[in-house]
Amino acid sequence: MRVLGIDPGLTRCGWGVVDGRPGARPTAVGVGVVRSSAELDLELRLLELHTAVTALLREHRPDVVAIERVFTQNNKGTATGTAQAAGVAALAAAQADRPVAWHTPSEVKAAISGNGRADKEQVTLMVTRVLGLAAAPKPADAADALALAVCHVWRGPAQQRLRVAALAGGIGAPMTTRTLPRWTGVAK
């Protein structure tokens, strides 16, 4: 399974691509950060992010896109920008007909380090070790994106099996296969 992990942000949006399967050591395929200038208008920053994520989807062809679920942050402006960036990444994934998996920061930290309250340094250290990297990914946004991808490689299939079992037992709403309409642009 190939996973594109996205650590959303407007100024720095981390991305990481990992190949792997549960029970095996994952492999890093690519990692980086998409940057946008705070001096640009918001819509242009979001467009830059959308363009970059779309290019990553085309280049790496992931099976799934794992995005950090925006929880609560002390700075509401930061939380809003993070949520907007996450939405743009999810939109790009939907346009590429790729499923999106949402993981909380504590879920990712627990998966990669065994501690849901791990700090940035611990997450970066464990990402470097788990993926067998020669050097730690920098900045922390890039390491966080790789951690998201690893988290999904390890936990995503089990979560899907639990959903299927719950539905078979009559718990929850049935999941339907979705066919997304293709966006053809704005009508003039």
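- Per an unreviewed UniProt entry, the recorded name for the chain is Crossover junction endodeoxyribonuclease RuvC, and the organism is Blastococcus jejuensis.
- According to the UniProt record, the Subcellular location (unreviewed entry) comment for the chain reads "Cytoplasm".
- The UniProt entry for the chain carries the following comment under Catalytic activity (unreviewed entry): "Endonucleolytic cleavage at a junction such as a reciprocal single-stranded crossover between two homologous DNA duplexes (Holliday junction)."

Re the UniProt feature "binding site: Mg(2+) 2" (unreviewed entry) in the chain
Step number 1: What UniProt calls "binding site: Mg(2+) 2" (unreviewed entry) maps, in this numbering, to Glu68.
Step number 2: Mapped onto the elements, Glu68 comes out in strand E4 (residues 64-68).
Step number 3: Residues contacting Glu68, with those up to four places away along its chain left out, are Ile6, Asp7, Pro8, Ala86, Trp102, His103, Pro105 and Leu148.

Side note on the environment of Pro8
Step number 1: As for its position among the elements, Pro8 is in the loop between strand E1 (2-7) and strand E2 (12-19).
Step number 2: As a C-alpha pair, Pro8 and Ala86 span 78 residues in sequence and 5.2 Å in three-dimensional space.
Step number 3: Sequence-distant contacts of Pro8, that is, excluding residues within four places in its chain, are made with Cys13, Ile67, Glu68, Thr82, Ala85 and Ala86.

Scoring rules and cut-offs
- Residues numbered from 1 in each chain as written.
- Predicted model: local features only at pLDDT ≥ 70, side-chain atom pairs only at ≥ 80, totals over all residues.
- Heavy atoms only, no water.
- UniProt positions renumbered as here; feature names shortened; annotations may be inferred.
- Helix = DSSP H or I, 4+ residues; strand = E, 2+ residues; numbered from the N terminus.
- Contact = heavy atoms within 4.5 Å.

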